[in-house]
Amino acid sequence: MYSGKLISGLFGGGLGSMVVGAWGYNGAYALAGGVSMAAACIALLLRQPGHTPHPTPTP
C-alpha cells in the first residue's frame, strides 16, 4: 500500500496532466473510472487469509 502511495505521489501529477493534455478531461475521467472499476473487480477476488469461505462437510 505504501509503495503505491509513493509511486502515485511521484508520477501521478505528471501522468495526469499528460492524459488531460492528450485526451481532455472527459478522457481522463473515463480512464480513471475504468481503472477504478477494474480495481473493484479484482478486489472481489481477495479472500481473508486463513479463512475458508465454504467449509466442506466431513463424512
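For the structure, see preceding data.
Here the residue numbers are simple positions, counted from 1 along each chain's written sequence. Only residues with pLDDT of at least 70 are given local features in this predicted model, and only at 80 or more are side-chain atom pairs given and counted; all residues enter the totals for whole chains, interfaces and linings. The side-chain numbers reported here are obtained from all heavy atoms of the structure, hydrogens and water having been left aside.

Trainee: Honestly, the overall build of the protein in this entry has me stumped. Any pointers?
Mentor: Looking only at helices and strands, the protein has one helix and zero strands in total. Per-residue burial for the protein yields a buried fraction of 5% across its 59 residues. A run of H or I in DSSP counts as a helix once it spans at least four residues, and a run of E counts as a strand once it spans at least two, with each numbered from the N terminus. Between buried and exposed lies partly exposed: a residue is buried under 20% and exposed over 50% of the maximum accessible area for its type, with that area taken using a 1.4 Å probe on protein chains only.

Trainee: It is not clear to me how a nonpolar patch on the surface should be interpreted in this structure. Could you clarify?
Mentor: Side chains of L6, I7, L10 and F11 sit close together on the surface and give an oily, nonpolar patch of about 460 Å² of accessible area. Relative to the helices and strands, L10 is located in helix α1 (residues 2–43). Exposure remark for L10: the relative accessible area of 60% places this residue in the exposed category. Exposure above 30% relative accessible area and the absence of a salt bridge qualify a residue for a patch, where like charges join within 9 Å and nonpolar side chains (Val, Leu, Ile, Met, Phe, Trp, Tyr) within 5 Å. All accessibility values rest on the Shrake-Rupley procedure with a 1.4 Å probe; residue burial counts only the protein chains present in the view. Within this document, salt bridges are pairs made up of a side-chain nitrogen of Lys or Arg and a carboxyl oxygen of Asp or Glu, the two lying within 4 Å of each other.

Trainee: Would you take a moment to explain α1 for this structure?
Mentor: Each turn of an α-helix holds 3.6 residues, which means side chains three or four residues apart point in the same direction. Between the first and last residue of a helix there are one fewer steps than residues, each counted as 1.5 Å, and that sum is the expected span. Taking 1.5 Å per residue, 42 residues should reach 62 Å; α1 reaches only 17 Å between its end C-alpha atoms and comes up short. Three or more residues of α1 are buried, namely V19, G27 and A28.

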